[in-house]
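The chain contents come next:
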Amino acid sequence: MSPASTGASTTLDAVPSLAAPDSRLTPGGPGYRRMSFALFLAGVATFALLYSTQALLPLVSDGFGVSASDASWTVAAATGGLALFVIPMSALSERFGRRTVMTASLAVAVTVSLLVPFAPSLGVLVVLRGVQGAALAGLPASATAYLAEEVRPRALVTAIGLFVAGNSVGGMSGRVVTGWVAQEWGWRVAVGTVGLIAVGCAVAFRLLLPAPKHFKAGSLHPRRLLATVRDHLADPLLRRLYAIGALFMTVFGGVYTVIGYRLTEEPFSLPQGVIGSIFLVYLVGTVSASTAGRLVGRLGRRGALYLGGGTTAAGLLLSLADSLPLVLLGLVLITAGFFAGHAVASSAVSRTATHGRAQASALYQSAYYIGSSAGSTVGALAFHASGWSGTVGVGLLAILGIVTLTVLGSLAARRAPVPAHS
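Given the structure is predicted, the values throughout are model-derived calculations rather than measurements.

Per the counting criterion, the structure on display carries ten aromatic pairs. With 4.8 Å between their ring centres and 70 degrees between their planes, Phe 338 and Phe 339 make a pair best called edge-to-face. Judged by relative accessible area, which is 1%, Phe 338 ranks as buried. Phe 339 sits in the buried class, given a relative accessible area of 0%. Connected via pairs of aromatic rings, a cluster forms that spans Phe 252, Tyr 256, Phe 338, Phe 339, Tyr 364, Tyr 368 and Tyr 369. Above the face of the Phe 96 ring, Arg 95 is positioned so that its terminal group lies 5.5 Å from the ring centre.

As structure tokens, then:
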């Protein structure tokens, strides 16, 4: 199906004329650093807001007198809201522009973040978090589509890796800040502080992000949108990539939702500020995501996915020990493997889709955050039923799924006469 028949943006889908210079951004070129830093800040704000309550779940449980599985809904509602709205938001970005949608999404999300500290009950908090997640849905798919249109193909994996690195910094800084602030002033002041940080990121993002030069408005016609979505879901490689992203995030969501509860219990009994500082291991994710391009260059896409899955599985097994250094090493490996695998899979989606890149990215993000919601909820339930070993068991099953899907991709590539997506 041609781009014109789907209503998708067509600018990048056509190969640039050999007679005209490629004006898209490239590392070292004008505007590339501004663009990278702007989207890095957008990633920081997105993950800081999206997971602002995750490190605080034990305090939320105590404050409202609820269980770990009940409190985990403050995370699952945000990621679930994002998963549900990412495709509609991607359609809006096709019509009104990537930068416009990203700016509006951040504006709504940071406004809601200033209301979250005043939630009078767990139910209200969950609703506000759901609205916040829905607003943030305009960021991930629009950002990757913006990069696919404005950055030269050879630099795309690196550019998306930097955006994912911003996600890791946001996740880390949000949790570290909330941990120490909450230890002194409680979880409400902590989430309010994250909201103020996100406001600053949102303002800087809008001032720095270059105006798009290669965007062409598409249609909002529902039938054309559905046709584009059907095209992407009919592609076996895209389906595998969507499932791989969901499974990676199932592991990550489960581990980081539950780890705070584990570290407050014996034999660790750590205070909230120290638990928040545990999330400094996200810096490892920043490095692994930003180097994903080189990893793919050396090992290929499937080899990089095997490495990411194997590293994550090794971290899960190490985390079973009742030794804090081994638990920390396990978290380092889980984080490195997850962010590398996520960067590889998400960039492969952008390279694979031949039209409707915003919708292709949106489907990936939807699957990814469905995995986060599932991991947060199922991981908490497994922890309630079987302790940390239950949460690790859920993660290992997800890794088995990733390996199986990657093997199936390898077999399919061998059978294909022309490996168009490899």
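Once that is clear, we can look at the nonpolar core. Generally speaking, nonpolar side chains in soluble globular proteins are found buried as a group. Core analysis: the biggest nonpolar cluster contains 118 residues, and Leu 39, Leu 147, Tyr 256 and Tyr 369 have the highest contact counts within it. For this core, the element with the highest residue contribution is helix α12 (residues 236–264), accounting for 16 residues.

Interhelical geometry of helix α2 (residues 32–50) versus helix α7 (residues 122–136) gives an angle of 160 degrees and a closest axis separation of 10 Å. With respect to α7, the axis of α2 lies roughly antiparallel. With respect to the hand of their crossing, α2 and α7 are arranged in left-handed fashion. Residue-level inspection shows Thr 46, Leu 49 and Leu 50 of α2 in contact with α7, the latter providing Arg 129, Gln 132, Gly 133 and Leu 136. Residues that form the contact of α2 with α7 fall into these classes: three nonpolar, three polar and one charged.

With that settled, the discussion passes to helix α10 (residues 187–208). In this model, α10 (22 residues) spans 32 Å end to end at C-alpha, consistent with the 32 Å of a helix rising 1.5 Å per residue. Taken together, the buried positions of α10 are Trp 187, Ala 190, Val 191, Gly 192, Val 194, Gly 195, Ala 198, Cys 201, Ala 202 and Phe 205.

Here we take up the environment of Pro 210. Within the secondary structure layout, Pro 210 lies in the loop between α10 and α11 (222–233). When its relative accessible area of 15% is taken as the criterion, Pro 210 is described as buried. Taking the C-alpha atoms as reference points, Pro 210 and Tyr 32, 178 residues apart in sequence, are found 8.8 Å from one another. Discounting chain neighbours no more than four positions away, the residues touching Pro 210 are Gly 31, Arg 34, Met 35, Arg 99 and Tyr 146.

Looking now at a nonpolar patch on the surface. On the surface, Tyr 306, Val 403, Val 407, Leu 408 and Leu 411 cluster together into a nonpolar patch covering about 360 Å² of accessible area. Top contributing element to the nonpolar patch by residue count: helix α18 (residues 388–415), with four residues. With respect to the element layout, Val 403 can be found in helix α18. Owing to a relative accessible area of 31%, Val 403 belongs among the partly exposed residues under this scheme.

Along the chain, the position of Thr 74 falls in helix α5 (residues 73–96). For Thr 74, a relative accessible area of 0% puts it in the buried group. Within the local environment of Thr 74, its side chain forms a polar contact with the backbone oxygen of Ala 71, the two atoms lying 2.9 Å apart.

Per the stated rule, a full pass over the model turns up one salt bridge. Between Arg 262 and Asp 322 there is a salt bridge; the shortest N-O distance is 3.3 Å. Of the two residues, Arg 262 is situated in helix α12 and Asp 322 in the loop between α15 (292–318) and α16 (324–352); the sequence distance between them amounts to 60 residues. For Asp 322, a relative accessible area of 58% puts it in the exposed group.

The rules we used
- Residues numbered from 1 in each chain as written.
- Predicted model: local features only at pLDDT ≥ 70, side-chain atom pairs only at ≥ 80, totals over all residues.
- Heavy atoms only, no water.
- Phe/Tyr/Trp six-rings, centres within 6.5 Å; stacked < 30°, edge-to-face > 60°.
- Buried < 20%, exposed > 50% of the residue type's maximum accessible area, 1.4 Å probe, protein only.
- Lys NZ or Arg CZ within 6 Å of the ring centre and 35° of its normal.
- Core = buried A, V, L, I, M, F, W, Y, C linked by side-chain atoms within 4.5 Å.
- Helix = DSSP H or I, 4+ residues; strand = E, 2+ residues; numbered from the N terminus.
- Axes fitted to C-alpha atoms, helices over the stretch in contact; angles between N-to-C directions.
- Parallel < 35°, antiparallel > 145°, perpendicular 65-115°, else oblique.
- Left-handed = near helix turned anticlockwise from the far one by under 90°.
- Contact = heavy atoms within 4.5 Å.
- Nonpolar A, V, L, I, M, F, W, Y, C, P; charged D, E, K, R; others polar.
- Expected span 1.5 Å × (residues − 1).
- Patch = residues over 30% accessible without salt bridge, like charges linked within 9 Å, V, L, I, M, F, W, Y side chains within 5 Å.
- Areas by Shrake-Rupley, 256 points an atom, 1.4 Å probe, with all protein chains shown as cover.
- Salt bridge = Lys/Arg side-chain N within 4 Å of Asp/Glu carboxyl O.
- Polar contact = N/O pair within 3.5 Å; in protein donor to acceptor, adjacent residues only side chain to side chain.

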